[in-house]
Amino acid sequence: MPGLEVLLQYVSRAIVLLLALPVHECAHGWVAYKLGDPTAKNEGRLTLNPFKHLDLFGSLMILLVGIGYAKPVPINPYYFKNRKYGMALTALAGPMSNLIMAYLAMIVMKVIWLLNSVILWPLFLVFQYIVLINISLAVFNLLPIPPLDGSRIATLFLKEETYFKIMRYERYIMFGMLIILYLGLLDGPLWFLQKAGFYLLDILSGFLGHGFWTLG
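An account of the accompanying structure is given in this report. Note that the structure is predicted; figures quoted are calculated from it, not measured.

Some words on the overall build of the chain
Next, step 1: What the chain contains, in helices and strands, is nine helices and zero strands.
Next, step 2: Start at the N end of the chain and walk to the C end: the helices and strands fall as α-α-α-α-α-α-α-α-α.
Next, step 3: Here the C-alpha atoms of the chain give a radius of gyration of 18 Å, agreeing with the 17 Å that 2.2 N^0.38 yields for 216 residues.
Next, step 4: For the C-alpha atoms alone, the extent of the chain along its principal axes is close to 55 × 35 × 30 Å.
Next, step 5: Residue pairs in contact within the chain that sit at least 24 positions apart in sequence constitute 69% of those at least 6 positions apart.
Next, step 6: As presented, the chain carries roughly 12,100 Å² of accessible surface, and 70% of it is formed by carbon and sulfur atoms.
Next, step 7: If the 16 positive side-chain charges of the chain are averaged to one point and the 11 negative ones to another, these points end up 6 Å apart.

Focus: the layout of surface pockets
Next, step 1: Approximately 750 Å³ is the volume attributed to the largest pocket.
Next, step 2: Looking at the lining of the largest pocket, its residues break down into 15 nonpolar, four polar and two charged.

Thoughts on the nonpolar core
Next, step 1: Counting residues in each nonpolar core, the largest one holds 34 residues, and the members touching the most others are Leu21, Val131, Ile135 and Phe198.
Next, step 2: Sorting the residues of this core by element identifies α1 (2–34), α4 (83–115), α5 (121–141), α8 (170–183) and α9 (187–204) as the ones contributing at least two each.
Next, step 3: The dominant element in this core, judged by the number of residues it contributes, is α5, at twelve residues.
Next, step 4: If near-sequence neighbours (up to four positions away) are discounted, Val131 is found in contact with Ala102, Ala105, Met106, Met109 and Phe198.

Notes on a nonpolar patch on the surface
Next, step 1: Taken together, the side chains of Val6, Tyr10, Leu56, Leu60, Leu64 and Val65 present a nonpolar region at the surface, about 600 Å² in accessible area.
Next, step 2: No other element matches the four residues that helix α3 (residues 56–65) contributes to the nonpolar patch.
Next, step 3: Mapped onto the elements of the fold, Val6 is located in helix α1.

What to know about the environment of Leu46
Next, step 1: If you trace the backbone, Leu46 turns up in the loop between α2 (39–42) and α3.
Next, step 2: Leu46 sits 19 residues away from Ala27 along the chain, and the two C-alpha atoms are 8.1 Å apart.
Next, step 3: Apart from the residues within four sequence positions on either side, Leu46 is in contact with Cys26, Gly29, Trp30, Tyr33, Ala40 and Lys41.

Topic: the environment of Ile107
Next, step 1: For Ile107, the position within the fold is in helix α4.
Next, step 2: It is 28 Å that separates the C-alpha atoms of Ile107 and Leu148, two residues lying 41 residues apart in sequence.
Next, step 3: Those residues in contact with Ile107, other than ones at most four positions away along the chain, are Ser205, Phe207 and Leu208.

Some thoughts on the side chain of Lys110
Next, step 1: If you trace the backbone, Lys110 turns up in helix α4.
Next, step 2: Reaching out from Lys110, the side chain makes a polar contact with the side chain of Asp202 at a distance of 2.7 Å.

Notes on the packing of α5 against α9
Next, step 1: Interhelical geometry of α5 versus α9 gives an angle of 120° and a closest axis separation of 9 Å. In terms of axis orientation, α5 runs oblique to α9. Like other packed secondary-structure pairs, α5 and α9 cross with a definite hand, here right-handed. When α5 is examined against α9, the residues Val131, Leu132, Ile135, Ser136 and Val139 are found in contact with a partner set consisting of Leu190, Leu193, Gln194, Gly197, Phe198 and Leu201.
Next, step 2: Its residues assigned to classes, the contact of α5 with α9 shows eight nonpolar, three polar and no charged.

Focus: α4
Next, step 1: Under the 1.5 Å per step criterion, the end-to-end length of α4 is 49 Å for 33 residues, consistent within 8% with the ideal 48 Å.
Next, step 2: The sharpest bend along α4 measures roughly 30° and falls at Ala93, with the proline Pro95 sitting one to four residues further on.
Next, step 3: The backbone nitrogen of Lys84 lies 3.2 Å from a side-chain oxygen of the residue at the head of α4, namely Asn82.
Next, step 4: A positive phi of about 55° marks Asn116, the residue just after α4.

Conventions and cut-offs
Residues numbered from 1 in each chain as written. Predicted model: local features only at pLDDT ≥ 70, side-chain atom pairs only at ≥ 80, totals over all residues. Heavy atoms only, no water. Helix = DSSP H or I, 4+ residues; strand = E, 2+ residues; numbered from the N terminus. Rg over C-alpha atoms; globule rule 2.2 N^0.38 Å. Contact = heavy atoms within 4.5 Å. Areas by Shrake-Rupley, 256 points an atom, 1.4 Å probe, with all protein chains shown as cover. Lys, Arg positive; Asp, Glu negative; His and termini not counted. Charge placed at Lys NZ, Arg CZ, Asp CG, Glu CD. 1 Å grid on protein atoms, 1.4 Å probe; cavity = no way out; pocket = protein on both sides within 12 Å on 5 of 7 lines; lining within 4 Å. Points joined across faces, edges and corners; volume = space filled by probe spheres on them. Nonpolar A, V, L, I, M, F, W, Y, C, P; charged D, E, K, R; others polar. Core = buried A, V, L, I, M, F, W, Y, C linked by side-chain atoms within 4.5 Å. Buried < 20%, exposed > 50% of the residue type's maximum accessible area, 1.4 Å probe, protein only. Patch = residues over 30% accessible without salt bridge, like charges linked within 9 Å, V, L, I, M, F, W, Y side chains within 5 Å. Salt bridge = Lys/Arg side-chain N within 4 Å of Asp/Glu carboxyl O. Polar contact = N/O pair within 3.5 Å; in protein donor to acceptor, adjacent residues only side chain to side chain. Axes fitted to C-alpha atoms, helices over the stretch in contact; angles between N-to-C directions. Parallel < 35°, antiparallel > 145°, perpendicular 65-115°, else oblique. Left-handed = near helix turned anticlockwise from the far one by under 90°. Expected span 1.5 Å × (residues − 1). Bend = angle between axes of the 7 residues up to and from the residue.

By themselves, these observations are geometric and do not establish any function.
Encoded structure:
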């Protein structure tokens, strides 16, 4: 039933919007706090309250296309003992939280599959979509393009001066990336990475079985 599947997709995106994005941003702030930066805590961003994190346009993107963003958690790297490693670790925390949520959702998805109930099939689809969207968010955010998390992780391999010079053009780079996404030029690579992430989590949750469904 195509109509039902479309509805379930939107339900899944709404769940991700209200749960995964707040966890993603809170993870950034929590790791920064553990590394000595109280900025996010002082601004009330160490919370899972979605209304503290959601961005209007980024939320609409999640609902309409399945990839979007929240308001970035403020990070002050000058609090870190090692700024390069501090920035990289706080940046990595967001995508890792998405992969952990995808893994947990996959476990639930597999349990539903093993129950083999027609009544639970819509719930199976919801959790499958949640897995895929979280993997997509992780993969997308790991791209080494400002202002995505991957660009912060790339500071490990760049001189600080070089990184901050690049960040001056962050707004223009982001605008160019949105155009590339709109034109579909990254669809192939992103789908390949999404599938790779899905099958890796499938293997890691192999104690419930694996390989008995495929992605198109």
